[in-house]
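# Residue-level structural notes
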Amino acid sequence: MTPCRLSWPSPGDFSRPPELNQADDHGALQRPRGRAALAEDMGRAGHFPHPQRGSPYPSGRIHMGHVRNYAMGDVVARFMRARGFNVLHPMGWDAFGMPAENAAIANKVHPRQWTYANIEAMRSQLKSMGLSLDWTRELATCDPGYYKHQQKMFLDFLRAGLVERKQSKVNWDPVDQTVLANEQVIDGRGWRSGAPVEQRELTQWFFKITAFSDDLLAALDRLERWPEKVRLMQQNWIGRSEGLRIRFALDPETTPSREKELEIFTTRHDTLFGATFMAISPEHPLAAAAAKSNPALKSFIAETRRTGTAEALIETAEKLGFDTGIRAIHPFEPARKLPVYVANFILMEYGTGAIFGCPAHDQRDLDFVNKYRLPVIPVVCPDGQDPAAFRITDTAFEGDGFMINSCFLDGMRVAEAKEEVARRLERERRDGRPVGERQVQYRLRDWGISRQRYWGCPIPIIHCETCGIVPVPDRDLPVKLPEDVDFDRPGNPLDRHPTWKHVRCPSCGGPARRETDTMDTFVDSSWYFARFTDPWIETAPTNREVVDTWMPVDQYIGGIEHAILHLLYSRFFTRAMRATGHIGLDEPFAGLFTQGMVVHETYRTADGTHAEPAEVEIKVEGDRRYAVLAATGEPVEIGPIEKMSKSKRNTVDPDDIMGTFGADTARWFMLSDSPPERDVIWTEEGVQGAGRFAQRLWRLVNDIAEITAAEARPGKDRQAALEIRRDAHKTLDKVTRAIEDLRFNTAVAFMYSQANLLEMAVRDAAGRGGATAAEQAALREAGDMLVKLFAPMMPHLAEECWAGLGHTSLVAEEPWPTLDKTLLIEDTVTLPVQVNGKKRADVTVARDAGQPDIEAAVLELEAVRRALAGKAPKKVIVVPQRIVNVVA
RNA sequence: GCGGACGUGGCGGAACCGGUAGACGCAAGGGACUUAAAAUCCCUUGGGGGCAACCCCGUGCGGGUUCAACUCCCGCCGUCCGCACCA
């Protein structure tokens with residue numbers, strides 16, 4: 001492909017910049033390499049930057065969040081390429097999911113049609129950004145050519161024991177007769193029907209992510225290029241805790257039929273003597289047994305199912321309990337009988353679904369106890385407190401201390417008491433088993449992947465009445481989604497399809513039916529990075545030689561909202577792929593960066609509706625800033641700055657922005673204003689400023705081209721030329737390090753400064769009647785360098801500038817400039833001088849001046865003498881190359 | 001509720017490992033150019049005091065450590081994100 005170059009304006013006309021971004025397929029800007037390059041790629045050092053939305057959901061239009069994400073990824077890609085790395089920079093589509101089905105229901109459009117139309121639209125939008133992507137690797141997860149491999153891996157995982165079926169809860173809409181996602185449950189009701197949601201148990205497919213709990217946790221320490229906060233969030237999510245399982249005997253007189261004991265899990269066995277009640281989950285078998293003869297309890301349990309399945313809702317709901325009448329016997333004090341409650345905040349998924357409650361040392365237990373008027377026994381006394389006077393009323397004491405009211409534990413520290421309780425209960429046996437057993441418990445639950453929806457990857461399983469669960473043979477993959485489906489009725493179209501699910505059993509040939517659940521779309525996005533390394537191979541999910549060469553992804557860039565689920569699932573999936581021979585490593589992402597969102601002001605009209613930024617005109621009068629509707633002049637209230645969203649109507653359309661300002665300006669602004677990990681506020685003024693700077697660069701480059709092409713002014717003074725070179729190399733050094741650390745906003749600031757300096761240098765030389773030969777050489781070097789520095793961020797403008805400086809190559813293919821370190825070293829150094837920690841003066845000394853020389857020079861300073869008022873300083877602290885502090 | 005972050009001028013932010021707080025940009029004000037406007041260029045711009053030199057205060061709030069704190073420690077307040085079927 002030949003580079004498409006835009007015309008340089010006629011000589012002398014430098015008032016207008018070139019029309020930017022007309023050429024979408026700048027040859028070297030977008031880098032298709034294709035399958036033929038696979039062998040070549042493997043022989044070279046690889047760098048694999050990957051936008052986390054490297055497979056965005058094809059919603060129809062890109063939004064500014066995409067622009068920011070891809071701009072960052074592209075800077076890294078271009079920067080690394082310039083530094084000699086072979087870069088894999090792919091793009092694809094995470095194309096399954098609910099919005100396609102919603103569109104199908106709302107607009108009678110087939111999900112496939114809707115999705116592919118969106119992909120077309122978004123691809124062309126992305127291309128106008130000038131991203132250096134390898135489009136030959138493009139993939140869509142809804143393509144049978146992709147999900148075929150996913151089905152294969154599902155079966156491999158099944159054979160490896162990493163898949164299982166078990167019961168789990170879903171949100172059930174009793175009117176629509178359908179399963180709802182958490183986001184479809186609003187205030188406990190189905191979003192479409194408005195009917196109160198119920199929890200329902202379904203048998204579903206799970207990936208056994210808990211098989212890797214320990215490793216997923218331990219390996220976090222080795223992910224050195226991940227943000228600490230993400231590692232911490234994952235650590236807490238996995239939630240390893242060491243505790244004790246304790247079997248409480250139940251008082252037979254209070255207990256239904258065969259139930260003899262209640263097993264609980266605790267991490268606070270030191271507080272066992274402080275236990276005043278037991279609590280079990282509404283789904284606990286004991287709760288069900290007790291409810292059989294207790295209608296009130298039965299309806300209480302039914303009521304708890306109304307909350308839906310979202311943990312945030314369960315946890316924030318009012319804490320409710322119901323006394324079952326059952327009494328548990330305290331393991332150390334058989335005379336003490338503890339009431340067993342069913343409580344709506346005990347999760348069956350964690351531990352044994354049962355706890356003992358120690359209100360004095362757990363806030364939630366205390367709140368519960370205060371509500372149901374149960375006793376509180378403090379058993380841990382804070383250090384320095386008088387145990388006799390220590391009372392707990394509204395605030396539980398959760399810290400360390402010494403044991404009280406605890407029989408043989410009294411006086412011990414918390415840790416000692418835990419150990420003693422564990423030791424005693426381990427020794428004590430009942431029915432041939434120890435009463436207490438130490439256990440490592442994880443909060444992490446297995447990954448339920450079943451979805452009762454059409455637009456997802458079919459789970460390749462056949463249910464046979466005689467053979468049971470039969471995997472679809474590899475030769476029959478992919479199990480394709482049927483095309484002829486209707487969305488007229490709620491529920492899963494696969495389930496009610498007239499023919500699709502009826503098949504012969506591959507094992508016995510008898511009548512059987514297909515699994516109608518499809519996979520969670522998180523599965524699709526848990527391995528696309530691996531597929532990108534060889535998306536052409538048809539016989540296997542990955543080409544081992546290729547995938548092991550490229551992986552892991554060097555730099556993954558995405559939003560913090562993915563900190564846990566997507567990233568943890570991908571880490572699991574990679575391990576599972578390794579266990580089944582599809583990849584040779586555990587960790588998919590060596591470097592992770594979490595970017596902030598793009599936010600914007602909101603505008604509210606008098607009638608309470610939101611107005612779009614494009615409809616609003618901002619006016620400024622002195623200090624007062626206000627908004628009106630552009631069409632009518634009607635005043636508009638400027639609301640809070642919020643994440644761009646359709647509902648708040650505070651979005652700006654990347655197409656509009658790029659059409660008005662050009663892609664380079666949009667990219668530059670996205671990178672310039674805020675640190676990349678923080679939210680960036682989209683403002684019209686900000687993007688205009690970025691546009692002005694693009695124009696300034698253009699003029700500057702033209703001025704440099706002009707002054708260096710003119711005849712050199714005779715002269716021997718090399719100082720000016722040296723200064724130009726020093727500034728250029730200092731900037732190179734700073735920008736390089738900033739981009740290495742992904743501090744794009746500071747890289748931008750350094751380039752602004754350098755442009756200021758270069759403009760001044762050009763003007764100074766012009767004022768002297770032209771540049772000397774030495775200055776011309778220095779300006780040429782500095783000009784080339786500046787263009788190379790901003791090229792990763794504004795690729796189109798950079799190509800034009802590069803050509804304008806007389807080069808015939810493409811700057812996108814040029815190496816990064818080489819730093820001359822000798823230019824960074826100055827002969828003298830200026831140190832700030834403080835008196836008692838406050839800056840009073842500067843002192844300039846030789847770079848290698850010794851401490852006594854610096855001290856002497858500092859004490860001579862007028863400001864220092866004034867501050868000391870004739871007295872001798874107490875101390876003079878000299879931090880070499882940094883600062884001097886005089887302590888008066 | 002649990003977990004995680006963030007808080008610096010009028011605004012976005014900078015400050016490497018505890019060492020000059022406010023780089024750079026935006027906005028605003030003043031000036032130059034222009035018949036005029038736009039564009040461009042120059043100057044000013046944290047608050048207070050002073051003719052000036054210069055001084056005092058200042059990084060959400062309250063304490064602490066240090067020669068020195070935006071940075072470290074303790075306690076608050078506020079905002080945002082995640083919570084397993086949104087992607």
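Residues numbered from 1 in each chain as written. Chains lettered and ligands numbered in written order. Predicted model: local features only at pLDDT ≥ 70, side-chain atom pairs only at ≥ 80, totals over all residues. Heavy atoms only, no water.

## Concerning the overall build of chain A
Along the backbone of chain A there are 26 helices and 40 strands. Across its three principal axes, chain A shows a C-alpha extent of roughly 110 × 85 × 65 Å. In chain A, buried positions account for 54% of the 888 residues. Pairs at least 24 apart in sequence give 71% of the contacts found in chain A among residues at least 6 apart. Positive and negative charge centroids in chain A, built from 112 and 124 side chains respectively, lie 2 Å apart. (Helix = DSSP H or I, 4+ residues; strand = E, 2+ residues; numbered from the N terminus. Buried < 20%, exposed > 50% of the residue type's maximum accessible area, 1.4 Å probe, protein only. Contact = heavy atoms within 4.5 Å. Lys, Arg positive; Asp, Glu negative; His and termini not counted. Charge placed at Lys NZ, Arg CZ, Asp CG, Glu CD.)

## A word on the nonpolar core
Residues F154, F207, F573, W682, F790 and M793 are the most contacted members of the largest nonpolar core, which totals 161 residues. By residue number, the principal contributor to this core is helix α2 (residues 64-82), which donates eleven residues. Apart from residues lying up to four places away in sequence, M793 is in contact with V75, D664, R667, W668, L671, I739, F744, A747, V748 and M751. Within the second largest apolar cluster, 47 residues are counted, among which are I264, L286, M412 and V414. (Core = buried A, V, L, I, M, F, W, Y, C linked by side-chain atoms within 4.5 Å.)

## Quick look at the sheet that holds strand β26 (residues 502-504)
Spatially, four strands are ordered β25-β24-β27-β26 in an open sheet, and the strand pairing comes out antiparallel. Pairing within the sheet leaves two strands with one partner each, and these edge strands are β25 (468-471) and β26. Averaged over all adjacent pairs, the angle separating strand axes in this sheet is 40°, with direction ignored. Relative to strand β27 (residues 511-514), β26 runs antiparallel, the two being bridged by three bridges. Across the sheet, H502 pairs through a bridge with R513, a residue of β27. (Pairing = 2+ DSSP bridges. Axes fitted to C-alpha atoms, helices over the stretch in contact; angles between N-to-C directions.)

## As for the protein's contact with RNA strand B
Around RNA strand B there are 66 residues in total, and N182, N236, R453, R882 and N885 lie nearest to it. When atoms of RNA strand B within 4 Å of the protein are sorted by moiety, sugar and phosphate together comprise 65%. Contact distances for RNA strand B include 3.3 Å between a phosphate oxygen and a side-chain N or O atom of R678. By residue number, the principal contributor to the surface near RNA strand B is helix α22 (residues 744-767), which donates seven residues. Its residues assigned to classes, the surface near RNA strand B comprises 24 nonpolar, 18 polar and 24 charged. (Near = heavy atom within 4 Å. Polar contact = N/O pair within 3.5 Å; in protein donor to acceptor, adjacent residues only side chain to side chain. Nonpolar A, V, L, I, M, F, W, Y, C, P; charged D, E, K, R; others polar.)

## A few points about unusual backbone geometry
In this chain, L477 is followed by P478 through a cis amide linkage whose omega measures 0°. Considering the arrangement of structural elements, one finds P478 in the loop between β25 and α13 (493-496). Looking along the chain, the bond that leaves M551 and enters P552 is cis, with omega of 0°. With respect to the helices and strands, the residue P552 is situated in the loop between α16 (544-550) and β29 (555-559). A positive phi angle, near 55°, is found at K108, a position not held by glycine. Within the element layout of this structure, K108 appears in the loop between α3 (98-107) and α4 (111-127). Judged by relative accessible area, K108 falls into the exposed class, the value being 66%. Non-glycine residue L742 carries a positive phi angle of around 60°. Inspection of the secondary structure assignment puts L742 in the loop between α21 (719-740) and α22.

## Overview of the sheet that holds strand β6 (residues 163-173)
Taken together, the four strands give an open sheet; going across it, the order is β7-β6-β10-β22, and neighbouring strands pair in antiparallel fashion. Every interior strand has two partners, whereas the edge strands, β7 (178-180) and β22 (447-448), have only one. Summarising the sheet, strand β10 (residues 198-207) and β22 pair through two bridges and their orientation is antiparallel. Bridge pairing in β22 links F207 to W447. Set on the sheet, helix α5 (residues 144-159) makes contact with β6 and β10; between it and β10 the angle comes to about 85°.

## Things to note about the pairing of strand β31 (residues 598-604)
In terms of residue burial, β31 counts as a mostly covered element, since six of its seven residues are buried. Pairing geometry for β31 and strand β36 (residues 680-681), over two bridges, is parallel. Bridging across to β36, V599 finds its partner in I681. One ladder, built from two bridges, connects β31 with strand β32 (residues 610-611); its direction is antiparallel. Bridge pairing links Y603 to A611 in β32.

## Structural notes on the packing of aromatic side chains
Counted according to the given criterion, the structure contains 38 aromatic pairs. Between F390 and F397 the ring centres are 6.2 Å apart and the planes differ by 90°, which places this aromatic pair in the edge-to-face class. Exposure class is identical for F390 and F397. Each is buried. Judged by centre distance (4.0 Å) and plane angle (40°), the ring pair of F693 and Y752 falls under tilted. Taken as a pair, F693 in helix α20 (residues 684-709) and Y752 in helix α22 lie far apart in primary sequence, 59 residues in all. Its relative accessible area of 2% is what places F693 among the buried residues. Here Y752 falls in the partly exposed class, since its relative accessible area comes to 25%. Residue placement shows R514 over the ring face of W500; its charged tip is 5.5 Å from the ring centre. The side chain of R571 reaches across the aromatic face of W226, ending 6.0 Å from its centre. (Phe/Tyr/Trp six-rings, centres within 6.5 Å; stacked < 30°, edge-to-face > 60°. Lys NZ or Arg CZ within 6 Å of the ring centre and 35° of its normal.)

## A short note on the packing of α3 against α4
Following both chains from N to C, one finds α3 and α4 inclined at 115°, their axes separated by 8 Å at the closest point. Handedness of the crossing formed by α3 with α4: right-handed. Residues P99, A100, A103 and A104 of α3 touch α4, and the partners they reach there are P111, W114 and T115. Considering only residue class, the contact of α3 with α4 consists of six nonpolar, one polar and no charged. (Left-handed = near helix turned anticlockwise from the far one by under 90°.)

## Let's talk about the pairing of β29
For β29, the tally of buried residues reaches five of five residues, placing the bulk of the element in the interior. For the crossover that starts at β29, traverses helix α17 (residues 565-579) and ends in the parallel strand β30 (residues 592-595), the hand is right-handed. (Right-handed = clockwise from strand over helix to strand, strands pointing away.)

These figures capture arrangement, not role.
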